[in-house]
Amino acid sequence: PTLGMQRRMTVYTPAGYEKNTKTKYPVLYLLHGSGGDEDAWGDLGRAVQILDNLIAEGKAEPMILVMPNGVYFNQAAPGVAVNMFQPTMTNSRSQSTVEVEESFPDIIKYIEANYRVYKDKAHRAVAGLSMGGGHTATVSRDFPGTFDYVGVYSGAVGSIKDREGNLNQDMVNKLKAQQKAGYKLYWIACGNTDFLYQQNLEYMKGLDEIGFTYTWFESEGGHTWDNWRMYLDTFAPMLFK
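Read on for a plain summary of the structure.

How each quantity is defined
- All residue numbers refer to positions counted from 1 along the written sequence of the respective chain.
- A pLDDT threshold of at least 70 governs which residues receive local features in this predicted model, and a stricter bar of 80 or more applies before side-chain atom pairs are shown or counted, although totals over entire chains, interfaces and linings include all residues.
- The basis for every side-chain value is the complete set of heavy atoms in the structure, and neither hydrogens nor water enter the calculation.
- The secondary structure listing takes helices from DSSP runs of H or I that are at least 4 residues long and strands from runs of E that are at least 2 residues long, numbered from the N terminus.
- Here the globule rule reads 2.2 Å times residues to the power 0.38, and the radius of gyration is calculated from C-alpha atoms.
- Per-residue accessibility, obtained with a 1.4 Å probe over protein chains only, is compared with the maximum for each type, and a residue is labelled buried under 20%, exposed over 50%, and partly exposed between these values.
- The criterion used for residue contact is that any of the two residues' heavy atoms lie within 4.5 Å.
- Axis geometry follows a simple rule: fit a line to the C-alpha atoms, using only the stretch in contact for helices, then measure angles between N-to-C directions, giving values from 0 to 180 degrees.
- Convention used here: angles under 35 degrees read as roughly parallel, angles over 145 as roughly antiparallel, angles from 65 to 115 as roughly perpendicular, and any remaining angle as oblique.
- Two helices crossing with the near one rotated counterclockwise from the far one by less than a right angle form a left-handed crossing, whereas a clockwise rotation gives a right-handed crossing.
- Every case where a carboxyl oxygen of Asp or Glu lies within 4 Å of a side-chain nitrogen of Lys or Arg is listed as a salt bridge.
- Points on a 1 Å grid, built from protein atoms alone, make a cavity when a 1.4 Å probe fits but cannot get out and make a pocket when they are open with protein on both sides within 12 Å along at least 5 of 7 lines; residues with an atom within 4 Å of a point are the lining residues.
- Grid points are joined across faces, edges and corners, and a volume is the space filled by probe spheres set on the points.
- For this scheme, ten residues count as nonpolar: Ala, Val, Leu, Ile, Met, Phe, Trp, Tyr, Cys and Pro. Four count as charged, namely Asp, Glu, Lys and Arg, and the remainder, Gly too, count as polar.
- We treat two strands as partners when DSSP finds at least two bridges between them.
- When the strands point away from the viewer and the connection leading from the first strand across the helix to the second strand turns clockwise, the crossover is called right-handed.

**Points about the overall build of the protein chain**
Consideration 1: Within the protein chain, the regular secondary structure consists of eight helices and seven strands.
Consideration 2: Its C-alpha atoms give the protein chain a radius of gyration of 17 Å, near enough to 18 Å, the size a compact globule of 241 residues would have.
Consideration 3: Taking the principal axes of the C-alpha coordinates as reference, the protein chain spans close to 55 × 40 × 35 Å.
Consideration 4: Residues classed as buried in the protein chain amount to 49% of the 241 residues present.
Consideration 5: Once local pairs closer than 6 in sequence are excluded, the contacts in the protein chain between residues at least 24 apart make up 78%.

**As for the packing of helix α6 (residues 169-181) against helix α7 (residues 197-210)**
How two helices pack is summed up by the angle between their axes together with the distance between the axes.
Consideration 1: It is the contact of α6 with α7, at a shortest axis distance of 11 Å, that shows an interaxial angle of 65°. Here α6 is positioned roughly perpendicular relative to α7, judged by the angle of their axes. Crossing of α6 against α7: the hand is right-handed. Across from V172, L175 and K176 in α6, the residues of α7 making contact are Y203, L207 and I210.

**As for the pattern of salt bridges**
Consideration 1: Using the criterion set out here, one finds eleven salt bridges in the structure.
Consideration 2: Here D142 makes a salt bridge to K174, at a shortest N to O gap of 3.1 Å. In this pair, D142 is assigned in helix α5 (residues 131-142) and K174 in helix α6, connecting sequence segments 32 residues apart.
Consideration 3: By relative accessible area, K174 is classed as partly exposed at 30%.

**As for the layout of surface pockets**
Consideration 1: In this structure, the largest pocket encloses a volume near 390 Å³.
Consideration 2: For the lining of the largest pocket, the secondary-structure elements that each account for two or more residues are β1 (9-12) and α4 (104-114).
Consideration 3: Among the elements that line the lining of the largest pocket, the one with the most residues is α4, at three residues.
Consideration 4: Looking at the lining of the largest pocket residue by residue, the classes come out as nine nonpolar, five polar and three charged.

**Concerning the pairing of strand β6 (residues 185-191)**
Consideration 1: Counting buried positions along β6 yields seven of seven residues, so the element is predominantly enclosed.
Consideration 2: Residues L185, W187, A189 and G191 of β6 are buried on one face, and the alternating residues Y186, I188 and C190, pointing to the opposite face, are buried as well.
Consideration 3: Pairing analysis gives five bridges linking strand β5 (residues 149-153) to β6, with the strands arranged parallel. Following the sheet pairing, Y149 is matched in β6 by L185.
Consideration 4: Crossover β5 to β6 through α6 is right-handed.
Consideration 5: Of the strand pairs in this sheet, β6 and strand β7 (residues 215-219) are connected by five bridges, and their pairing is parallel. By the bridge assignment, A189 is partnered in β7 with F217.
Consideration 6: For the crossover that starts at β6, traverses α7 and ends in the parallel β7, the hand is right-handed.

So, to be careful, I would describe these as geometric facts and stop short of saying anything about function.
This is the structure:
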């Protein structure tokens, strides 16, 4: 509704969802990076296999996984819907931010109206890679009290400070409101050769300066699906405990 268009997202339900008609589930909203779409985490991130295996082994709670399209003017991934806008090599990589973040409550409302899920922050998580990591950081602070679990994977998080080294007071106020509203886990992960590694270190310095608590996970390697699959495999078992 906020964007005034129909948009596609991919939703994973765990084994037994159709049969366990009285069971409610927590939700992980999982966001893709620049150049991706709502199929990226399933096709390239192996999210379905990762969740299936973790849940079957008892390492993660059964959960619903919601993977929206993070570019606001792309209604769907290429070739999946008739009469929907099709991205090109240029516009598919647009750094879509404000519109996606402002419309994010529409996604939550749709899921909570159409799936058997819990409707409180204790049962909501949001995570994303690169551009989606930036979306994750922004959405979680713009809507404090919405998510108890936040995962920023190789995030394009920007800086809490301006070029002169002064704190962005609007961002600081939002982060403090997020911390006051409470959360159980704010997890930041990045590879030590990732081109966004230094940006993440600077972001965490700003968080340290304002007393914002987080957990840091550093891996080898760069801006790759190998790392992002590992981050999901590590992050998901920590959720909804």
